[in-house]
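Letter by letter, the chains look like this.
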Amino acid sequence: MRKLGVCLIFMVAVCLLSPPAFSSDGTCLALNAAVLVEQDSVRLSDIATLTGTSNGRLETLGAIVVARAPQPGQTRFVSIDYIRIRLKQAGIDTTSILFKGPQDVRITRQAATLPTQRIQRAVEMAIRSRMPWKNEDVTISDINLDETLQLPVGKLTYQILPSRNEDYLGQTILALHLFVDGEPVRKVWVNATISVMADVVTVVRPLGKYAVIELADLSLERRDLSGLSSDTVSRIEDVLGNRTTRMIYPQTVLQANMVASPPLVRRGDIVKIVANTGPMIITATGVVKQQGCKGEMVRVMNTDSNRIITARVTGPGAVAVDF
C-alpha cells in the first residue's frame, strides 16, 4: 500500500509539472493535395479542413503555423509527418487526431509582378525632378528593369534613389527599393539613358596651332551632351581672341583644353609695375623676363633698382605686385 501511495504521488507530480497538451479527441484533419497561399507563414487551416470538435478548438488548431511559405511564385512540399511534429511542438496531442488525405501537401506561393509601365513613369519623373537640365532639352529612354521579378502579394510601394554623384547624362543607374504592405522586400537596379540637347561651339574651318580665334571661325550647333566632354565650350564669346593649343579641324566640337589665353606680355616688354600698399600706390617701370597670360605670375626686372621681382600680369603692358 505504501509503495502504491508513493507511485500515485509521483504520477500526480509528473502531471502537474508537464506542459498541458491540447486535447483533440474526435478531431478529423483532411489534408489538401495542393494549396495556394499569399503570406509568409502557412497555418494548418490553409492546408487542411478541420472537423469533429468545437468551433473554438477548431479555430485554435487552424491558427497553428505549420510551415513557412516558399518564395513568391515558388512551390514546396510539406509531409504529414512534418505537420505532426509542428502540432506536437504547439502542445497538441496528435494521437487522437484522425489524419486524412495525401502524405504530402503541395504549397505554392502566390506572386505579384512588377507594374513595369508605372515604375518606368516614376523613374522618369524622379530623374526629371533631380536633373540640372531644362525639361524641354531632355529625352529619357531605354528604362529597363527585371520584369520577371516576382513579389509577395500586397500593396506595393517603392522609392527611387540615384547613385552618388549622379550627373544625369548618358547611361544612368538608379536603385529601386520595393516595399509590400510597408515592409522592404527587394532592392533592384534600373537602367536609363538620358540625352540632353544643347548648343555647343564648333569649328567651321581649319585652325592651325596657336591661331587666334575669330568669330568667323566658329558656329553654334545643337548636339547631344551625353557624347561630349564635360569641358565642352557652350558660348562663342568665351573663346574669342584666344589662341588654339593644337590643330583643329572643321566640325570639331570645341573643348576648353583646345584653347588658351594669348600672352599679354612677352620677354623684353617694358611694363608698368603697380604696388598697392593700402593707402599708397607705388608705380615703377620694369622689363619682363618671360611671357605670361592674364593672371599668371612672371619675373620682372625693376629698372630703377635692377632687382628681379615676381609680379602678376593684369593686362597688356601692366603687372602688379601683391603684398
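Refer to the structure above for everything that follows.
Scope of this entry: the structure provided in the associated data block. Just so it is clear, the structure is predicted and the values come from calculations on it, not from any experiment. Within every chain, residues take consecutive numbers counted from 1 along the sequence as written. Local features in this predicted model are restricted to residues whose pLDDT is 70 or higher, and side-chain atom pairs enter the listing and the counts only when it is 80 or higher, whereas totals over whole chains, interfaces and linings include all residues. Computation of side-chain values: all heavy atoms of the structure, hydrogens and water removed.

### Here we look at helix H4 (residues 80-89)
Right, so step 1: All buried positions along H4 are accounted for by Ile-80, Ile-83 and Leu-87. Seen from one end, H4 has its buried residues packed into an arc of 55 degrees, which puts them on one side. Turned more than 90 degrees away from the buried face of H4 sit Lys-88 and Gln-89, all of them exposed.
Right, so step 2: The contact rule is simple, with two residues in contact once any of their heavy atoms fall within 4.5 Å. Numbering of helices and strands runs from the N terminus; a helix is a DSSP stretch of H or I covering at least four residues, while a strand is a stretch of E covering at least two. Looking at the buried positions of H4, the neighbouring elements they touch are strand S1 (27-31), helix H2 (44-47), strand S5 (65-68), strand S6 (75-79) and strand S7 (97-100).
Right, so step 3: Looking one or two residues past H4, Gly-91 carries a phi angle of roughly 85 degrees, positive in sign. Burial classes: relative accessible area under 20% of the type maximum marks a residue as buried, over 50% as exposed, and values in between as partly exposed (1.4 Å probe, protein chains only). Note that the arc is computed from the directions linking the helix axis to the C-beta atoms.

### Here we look at the pairing of strand S8 (residues 104-109)
Right, so step 1: Strand direction decides the pairing type here: strand S2 (residues 34-37) and S8, joined by four bridges, are parallel. Bridge pairing in S8 places Val-37 opposite Arg-109.
Right, so step 2: Two strands pair when backbone bridges link them, and S6 and S8 are joined in this way by five bridges, in the antiparallel orientation. Within S8, the position partnered with Phe-77 by the bridge is Arg-106. Pairing between strands is defined by DSSP: at least two bridges between them are needed.

### As for the sheet that holds strand S19 (residues 281-288)
Right, so step 1: Taken in spatial order, the five strands close into a barrel running S18-S19-S20-S21-S22, and their pairing is mixed. Adjacent strand axes in the sheet meet at a mean angle of 50 degrees when their direction is disregarded.
Right, so step 2: Relative to strand S22 (residues 318-321), strand S18 (residues 270-276) runs parallel, the two being bridged by four bridges. Counted as the bridge partner of Lys-272 is Ala-318 from S22. What counts as an axis is a line fitted to C-alpha atoms, over the stretch in contact for a helix, and the angles between N-to-C directions run from 0 to 180 degrees.

### Things to note about the sheet that holds S7
Either a parallel or an antiparallel arrangement is found when strands of a sheet pair, and the pairing is made through backbone hydrogen bonds.
Right, so step 1: Pairing within the open sheet is mixed, and its three strands lie in the order S4-S1-S7. Each edge of the sheet is formed by a strand with only one pairing partner; in this case those strands are strand S4 (48-51) and S7. This sheet shows a mean twist of 20 degrees between the axes of neighbouring strands, independent of strand direction.
Right, so step 2: Strand direction decides the pairing type here: S1 and S7, joined by four bridges, are parallel. Bridging across to S7, Ala-30 finds its partner in Lys-100.
Right, so step 3: Sheet strands in contact with H4 are S1 and S7, and its direction is about 155 degrees off that of S7.

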